[in-house]
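Structural characterization, general
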Amino acid sequence: MASLRVIAASRLWLSQSHCTSEVCSLHIHSAYSISQKLNVPMAPLSEPNAVGIVIAHGSVGDAISVMTPDVYISDDGGYTWARMLEGPHHYAILDSGGIIVAIEQTMQPINVIKFSTDEGQCWYEYVFTKEPISFTGLASEPGAKSMNVSIWGFRENILSRTWISYTIDFSELLSRECEEKDYTTWLAHSNSPNNPTDGCILGYKEEFRRLRKSSICQNGRDYVVSMVPSVCPCTLDDFLCDFGYYRPENESHCVEQPELKGHDLEFCLYGKQERLKTNGYRKIPGDKCVGGKHPDREETDLKKKCTSDYLNPSQLSASSSSTPVILAVIGLMLTTAVAGVVVIKKYVCGGRFLVHRYSVLQQHAEANGFEGVDTLDAAARASKTGYHDDSDEDLLE
């Protein structure tokens, strides 16, 4: 590389917070901020084969700021964040998360690209051209498996503008292929991996194999994310409060509603009266947990037919009153169809009836011996080429 220097390691995002109250949060800029023409050049970025890594523009405070944002990174799927770069940048993920590249968003010509090999902790600068260009875009191959990134822009003078594109290949920098020792196991949604229920979502958790931050090597195009799923033991978090119970604020236990204490829990389900015996919990639909805590729950069919209270009687009367209107509409449609058939027969098919009437009159004239009939027939033959004097019976046959 022509020019390479190290930038100081990034500081935690809380180091430069602008909080005026005890409530302090990181506010992420996305599509709305871009539509409002804020200085946010890119939306949040993540890649399926770079598990856990999320890059986004944001600001820290008690409310979102319209001032110039910084770039933040999360390595655990968005649970914790650290400030990665100061000011707005264009960024891309390469080599399945092994390299992150960025270019500063500025109105001045640039000739420097920044990159990191440890998920944004330390950054390096590379001068890719001696003559700066007006930067317009940064792109890499879809899928984040490539080691190449393209930079395009232009140089201009008073008379002309020249468009230029540079492609930087980082495979020369990371020439060593990663080995098994370069990888570690990462448990998603986890704060304490030693806890057997930590990282469980709906009774299910996933462990991923990902590159260590300290490893400087190349994942390569053949790298495939490996994931090991496992089922969790059941806890109260895998259950909802049952009918007649609720969870008080900031508590995990379900409490019976005061107005239902001492009453049998009977309800109508699919037209059948049922009685419920429960400790206040029912399993969340789709939850995959096994073992652990399983609060008792029993539904007894009382062998009685019922109508659900959710069916409003006014809706029944409204539906019955609409029957005459439907019948009237059907009658109107039938009348319109019959009238259409009559019109078609009268005005479209009427020509055939006229021809038949004329032939009948001609037969009557010949039978009564009227003069001029033969003359008219001869004139008609002379005026029409290829005319055949066929009878109506022949035509009908």
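Notes on the structure follow. (Residues numbered from 1 in each chain as written. Predicted model: local features only at pLDDT ≥ 70, side-chain atom pairs only at ≥ 80, totals over all residues. Heavy atoms only, no water.)

**Quick word on the pairing of strand 4 (residues 70-74)**
- Of all five residues making up strand 4, five are buried, and the element is well covered by its neighbours.
- Alternating positions in strand 4 separate into two faces, Asp70, Tyr72 and Ser74 on one and Val71 and Ile73 on the other, with burial throughout.
- With five bridges joining them, strand 3 (residues 54-61) and strand 4 adopt antiparallel strand pairing. Its bridge partner being in strand 4, Ala56 is matched across the sheet by Tyr72.
- Summarising the sheet, strand 4 and strand 5 (residues 82-85) pair through three bridges and their orientation is antiparallel. Within strand 5, the position partnered with Tyr72 by the bridge is Arg83. (Buried < 20%, exposed > 50% of the residue type's maximum accessible area, 1.4 Å probe, protein only. Helix = DSSP H or I, 4+ residues; strand = E, 2+ residues; numbered from the N terminus. Pairing = 2+ DSSP bridges.)

**With respect to the sheet that holds strand 4**
- Sheet architecture is open: four strands sit in the order 2-3-4-5, paired in antiparallel fashion. Every interior strand has two partners, whereas the edge strands, strand 2 (25-29) and strand 5, have only one. On average, each strand axis in the sheet is tilted by 55° relative to the strand beside it, whichever way the strands run.
- Two strands pair when backbone bridges link them, and strand 2 and strand 3 are joined in this way by five bridges, in the antiparallel orientation. (Axes fitted to C-alpha atoms, helices over the stretch in contact; angles between N-to-C directions.)

**Some words on the nonpolar core**
- Of all hydrophobic cores here, the largest spans 21 residues; its most connected members are Val101, Ile113, Phe128, Ile151 and Phe170.
- Mapped onto this core, the elements with two or more residues apiece are strand 6 (89-94), strand 7 (99-104), strand 8 (112-116), strand 10 (134-140), strand 11 (148-156) and strand 12 (161-169).
- Val101 has contacts with His90, Tyr91, Ala92, Leu94, Ile113, Lys114, Phe115, Trp123, Leu138, Val149 and Phe170, leaving out every residue within four places of it along the chain.
- Among the nonpolar cores identified, the runner-up in size contains 14 residues, and Leu45, Tyr91, Trp123 and Ala144 belong to it. (Core = buried A, V, L, I, M, F, W, Y, C linked by side-chain atoms within 4.5 Å. Contact = heavy atoms within 4.5 Å.)

**Considerations on the side chain of His90**
- For His90, the position within the fold is in strand 6.
- Of the residues examined, His90 reaches a relative accessible area of 14% and is grouped as buried.
- In terms of polar contacts, His90 uses its side chain to reach the side chain of Gln105, at 2.8 Å.
- With residues up to four places along the chain from it excluded, the contact list for His90 reads Pro41, Met42, Val101, Ala102, Ile103, Gln105, Phe135 and Leu138. (Polar contact = N/O pair within 3.5 Å; in protein donor to acceptor, adjacent residues only side chain to side chain.)

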